[in-house]
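Observations on chain architecture
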Amino acid sequence: MVYLVLEDGTIFEGKRFGSEKECLGEIVFCTAMVGYVEAITDPSYKGQILTFTYPLIGNYGVSEEWFESDGVKCEGVVIKELNFTSHHKGKKELDDLLKEYDVPGIYGVDTRELTKRIRVYGAMKAGIGEDKEELLEKVKKHKDISELNLVEEVSIKEPKVIGKGKRRVVLLDCGVKRGIVNNLLDDNIELIIVPYNTSYKEILDYDPNGLFISNGPGDPRVLKEIIENIKKLINELPIYGICLGHQLLSLALGAKIKKLKFGHHGINQPVKDFETGRVYITSQNHNYAVYEIPDCLEVTQINLNDKSIEGIKHKELPIKGVQYHPEARPGPHDTLSYFEEFKKIVREY
């Protein structure tokens, strides 16, 4: 028997799969019915224990072509029913993948009850282990995710150049997904992926035609060094951001950030675009949101579920950010045009 223990003392019993080690993190839930491989390999889930609300997980196995990074990034996985491969692309089982990357999982959990608790009381610290009393003490002492710099754990360590082209884009890697990299590449672009703590001078030394700030885990307010670097680049070149990158860009321009009660984690979030009047269904993974924007910015999109800000743009400069994941891995492709818009600006810059 293994236990999932929440910070408020709630205990769920289940069976172990994956690694046999203990884990601690922030418990969140994801509503996607597909894409469990993409989710658990998404660096934005670093520091979190991921609960899937869809009850049948593992039924099409695991293939590395679905990875969004070089391995599993969440701290633990919670599911209702562990299924086994019945798909021609499935090369291994979910259980084997978690064992390979030393990440624990628990199945047989009432994920409906767990999700309701998170919705009512919010995301909270949690742990997976075998000694529930000892684990509860460890959970209570564990640092809150807002105190941790998780980006340094998932960012690239050395610059990396991909592709060749007449235009050069610097991608600031705060935990970038492979889907974002693939959507930025084309015959016209040389993409330089740099560590999150690369200075503004080093970025400008590449003589780029644009800067793209990626998604990533944790509270953006912890990343003061990145925010200061972005401030010094505001008037220098086009800047676009996704998810954490959108939040960092907004903070650099004078906006404020708040933590959502349980965040947006799934592939069915409705977003309204004020410029076109269209409603897009988007893929999202974040616990923080932008609010109280300065006069230099305008809101371009909102979430129709909770009215949180989903998109901003500068009124005069080629600067724009979106909260969702337009690369949609997993998810719908409604907002892929965000990448084409950025590449058009880079070509014209």
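See the structure printed just above.
This report concerns the structure included in the present document.

Burial in helix H8 (residues 224-231) covers these residues: Ile 226, Ile 227, Asn 229 and Ile 230. Down the axis of H8, the buried side of the element spans an arc of 160°, and every buried residue falls inside it. If you follow the buried residues of H8, they end up packed against strand S11 (167-173), helix H7 (200-205), strand S13 (210-213) and helix H9 (244-252).

What follows covers the side chain of Ser 19. With respect to the helices and strands, the residue Ser 19 is situated in the loop between strand S2 (11-18) and strand S3 (23-30). Given the relative accessible area of 6%, Ser 19 is considered buried. Separated by 2.6 Å, the side chains of Ser 19 and Asp 102 make a polar contact. Discounting residues that sit within four places of it in the chain, Ser 19 has contacts with Leu 98, Lys 99, Asp 102, Val 103, Pro 104 and Gly 105.

So, about the sheet that holds strand S16 (residues 279-291). What holds strands together in a sheet is hydrogen bonding between their backbones, with the strands either parallel or antiparallel. Overall, mixed pairing links the 10 strands, which are arranged S10-S12-S11-S13-S14-S19-S18-S17-S15-S16 in an open sheet. Of all strands in the sheet, those bounded by a partner on one side alone are strand S10 (160-162) and S16. Here the average twist between neighbouring strands, direction ignored, is 20°. The pairing of S10 with strand S12 (residues 189-195) spans 3 bridges and is antiparallel. What sits directly across from Val 161, in S12, is Ile 192.

The subject of this paragraph is the pattern of salt bridges. Going through the model one piece at a time under the given rule, you end up with 23 salt bridges. Taking the shortest distance from any N to any O, the salt bridge between Glu 327 and Lys 177 comes out at 2.8 Å. In this pair, Glu 327 sits in the loop between strand S19 (319-322) and helix H10 (337-348) while Lys 177 sits in the loop between S11 and helix H6 (178-184), placing the two residues 150 residues apart along the sequence. The pair Glu 327 / Lys 177 is uniform in exposure class, with both members buried. Put simply, Lys 343 and Glu 340 hold a salt bridge, and the shortest N to O gap is 3.3 Å.

Soluble globular proteins tend to pack their nonpolar side chains together in the buried interior. Cys 174, Leu 211, Ile 213, Ile 226, Ile 230, Ile 239 and Leu 248 are the most contacted members of the largest nonpolar core, which totals 34 residues. Every element with two or more residues in this core is listed here: S11, S12, S13, H8, H9, S16 and strand S18 (309-314). A per-element tally of this core places H9 first, with 5 residues. Beyond its immediate sequence surroundings of up to four residues, Leu 248 is in contact with Cys 174, Ile 213, Pro 220, Leu 223, Ile 226, Ile 227 and Ile 230. With 27 residues, the next largest nonpolar core counts Phe 17, Ala 32, Ala 39 and Val 72 among its residues.

For helix H4 (residues 132-141), the set of buried residues is Leu 135, Leu 136 and Val 139. Buried positions in H4, seen along its axis, are confined to an arc of 105° and lie on one side of it. Residues of H4 that are exposed and angled more than 90 degrees away from the buried face: Glu 133 and Lys 141. Each element contacted by the buried residues of H4 is listed here: strand S1 (2-6), S3 and strand S9 (124-129).

Procedures and definitions
- Residues numbered from 1 in each chain as written.
- Predicted model: local features only at pLDDT ≥ 70, side-chain atom pairs only at ≥ 80, totals over all residues.
- Heavy atoms only, no water.
- Buried < 20%, exposed > 50% of the residue type's maximum accessible area, 1.4 Å probe, protein only.
- Helix = DSSP H or I, 4+ residues; strand = E, 2+ residues; numbered from the N terminus.
- Arc of directions from axis to C-beta.
- Contact = heavy atoms within 4.5 Å.
- Polar contact = N/O pair within 3.5 Å; in protein donor to acceptor, adjacent residues only side chain to side chain.
- Pairing = 2+ DSSP bridges.
- Axes fitted to C-alpha atoms, helices over the stretch in contact; angles between N-to-C directions.
- Salt bridge = Lys/Arg side-chain N within 4 Å of Asp/Glu carboxyl O.
- Core = buried A, V, L, I, M, F, W, Y, C linked by side-chain atoms within 4.5 Å.

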